[in-house]
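# Inside the fold
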Amino acid sequence: MRLRISLQSVSKTLSTDTASTSSRAPFPVAVQELASFLRDGRPNITVLTGAGVSTDSAIPDYRGENGTYTLNPDYKPVFYQAFVASDEARHRYWARSFLGFPPIMTTEPNPTHYAITAMQSPPLGYVRTLITQNVDGLHQKAGAKDVIELHGTLHSVKCMTCGHEEDRSEFQQVLADLNPDWNAVVQSQTTASLYTRMNADGDVELNTPDQRRQLPGHSAEMLDYRTFQYPTCSCCGSGDYKPNVVFFGENVPVDVKERSTQAILESDGLLVIGSSLATFSAFRLVKLAKDTGIPIAMINLGRSRGDPLADLRYDESSSRLLKAVANELGLGEISGIIKRRRQTLNVVGS
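First, a word on scope: everything that follows refers to the structure included in this document. (Residues numbered from 1 in each chain as written. Predicted model: local features only at pLDDT ≥ 70, side-chain atom pairs only at ≥ 80, totals over all residues. Heavy atoms only, no water.)

The next subject is the nonpolar core. Counting 33 residues, the largest nonpolar core has L34, L38, L271, L321 and V325 as its most contacted members. Elements with a minimum of two residues in this core: α2 (27-41), β1 (45-49), α5 (111-120), β2 (127-132), β10 (269-273), β11 (296-299), β12 (312-314) and α12 (318-328). If one sorts the elements of this core by residue count, α2 sits on top with seven residues. Not counting chain neighbours up to four residues away, the residues in contact with L34 comprise L271, A297, I299, Y314, L321, L322 and V325. Grouped together as the second largest cluster of nonpolar side chains are 30 residues, F98, L99, I104 and L154 included. (Core = buried A, V, L, I, M, F, W, Y, C linked by side-chain atoms within 4.5 Å. Buried < 20%, exposed > 50% of the residue type's maximum accessible area, 1.4 Å probe, protein only. Helix = DSSP H or I, 4+ residues; strand = E, 2+ residues; numbered from the N terminus. Contact = heavy atoms within 4.5 Å.)

Here three strands make up an open sheet; going across it, the order is β5-β4-β9 and the pairing antiparallel. Each of the sheet's edge strands pairs with one partner strand only, and the pair in question is β5 (165-167) and β9 (241-245). Pairs of neighbouring strands in the sheet enclose a mean axial angle of 40°, with direction left out of account. Relative to β5, strand β4 (residues 152-159) runs antiparallel, the two sharing three bridges. Counted as the bridge partner of K158 is E165 from β5. On the sheet, helix α4 (residues 87-106) packs against β4 and β9 and is oriented at approximately 135° with respect to β4. (Pairing = 2+ DSSP bridges. Axes fitted to C-alpha atoms, helices over the stretch in contact; angles between N-to-C directions.)

We now examine the side chain of S54. Residue placement: S54 occurs in the loop between β1 and α3 (80-85). Excluding its chain neighbours within four sequence positions, the residues that come into contact with S54 are I59, N110, H113, N134, D136 and L138.

Here the focus is the pairing of β10. Within β10, five of the five residues are buried, leaving the element largely enclosed by the surrounding structure. Residues of β10 alternate between two faces, with G269, L271 and I273 on one and L270 and V272 on the opposite face, all of them buried. As paired elements, β1 and β10 share five bridges and run parallel to each other. Note that in β10 the partner of T49 across the bridge is I273. Sheet topology places β10 next to β11; four bridges connect them, and they run parallel. In the strand pairing of β11, I273 is matched with I299. Handedness of the crossover joining β10 and β11 through helix α11 (residues 280-291) is recorded here as right-handed. (Right-handed = clockwise from strand over helix to strand, strands pointing away.)

Of the voids in this model, the second largest pocket is the one considered here, and its volume is about 400 Å³. Around the second largest pocket, the lining is made up of 21 residues, and of these K158, K242, N244, E250 and P253 lie nearest the centre. The set of elements that each furnish at least two residues to the lining of the second largest pocket consists of β4, β9 and α10 (254-265). Classifying every residue of the lining of the second largest pocket by side-chain character gives 11 nonpolar, six polar and four charged. (1 Å grid on protein atoms, 1.4 Å probe; cavity = no way out; pocket = protein on both sides within 12 Å on 5 of 7 lines; lining within 4 Å. Points joined across faces, edges and corners; volume = space filled by probe spheres on them. Nonpolar A, V, L, I, M, F, W, Y, C, P; charged D, E, K, R; others polar.)

This part is about the pattern of salt bridges. Overall, the coordinates contain nine salt bridges when judged by the stated rule. Between D240 and R90 there is a salt bridge, with the nearest N and O atoms lying 3.4 Å from each other. Separated by 150 residues along the polypeptide, D240 in the loop between β8 (223-224) and β9 and R90 in helix α4 bring together distant segments of the chain. Judged by its relative accessible area of 17%, D240 falls in the buried class. A salt bridge links K141 to E108; its shortest N-O distance comes to 3.5 Å. Separated by 33 residues along the polypeptide, K141 in helix α6 (residues 138-141) and E108 in the loop between α4 and α5 bring together distant segments of the chain. (Salt bridge = Lys/Arg side-chain N within 4 Å of Asp/Glu carboxyl O.)

Structure below.
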């Protein structure tokens, strides 16, 4: 069975009224319950994380406060089929990624990331495997081990012809060299005026001309993504690079699917953090745990597709709750701070 990321299914799932009917446990009770859940499953807990984990690092997720899907209706993500077939789609993607990747490079892990790492660390070691839907690399930056990246990573690119891979930060410099006008504008603008929104995949939502005219100081320089240049493969000389992420409409790699499945089957508990489970690639893992009798705990602000499957369900900030749980488990002080970011940039034809 192939697992494909579908934008339509994401939107439909989270726009449907499937709110959990569970009551909100008092915070001290939630701390005690979750600590007991981890003790009972130690050392064989699997953690599954989603975009909500990185919001405290100033990387937005795809939902609003009530858990519903909230992409700008005018925003059009680049689909896999279009990226492969269309030169214009690749121009549009790499222009937006060029603007969105620098914040990803400098973003730091937050308390949730560090708490999960602490729960993996010896001598106690509650968590064995970490499966993440996120592509930002923040779990690894916080020191996490055995990370299965369900939807890939933004931190490398791969030639679609020969398979040659390059580090994304080095590729960023190649893009800057090929696009000096773009780079000059990015370097000259304050971070508060780069773009309307950065998404969880490092893509950005760019202002259209009509939106630009409504902004204060709308005489700011405009950029047309169709002028943005990207290189062919440095190895084979003809192939085009693709980020090592799973696009909407693209299948999850078979080996990743198999590894994540095995991690669930070998676990004694599944802790889901910061995910609405809208994509089937993540939801199926929770369904698998339920079907095989593995206890499930869930931390998520707002509704989740997996709410009916959870044995424990907490509508709480994961940073706040996991810091308290770590303290209850004697894991020491948890690092990381909470940040927020808002940025805009005017680009034609976004």
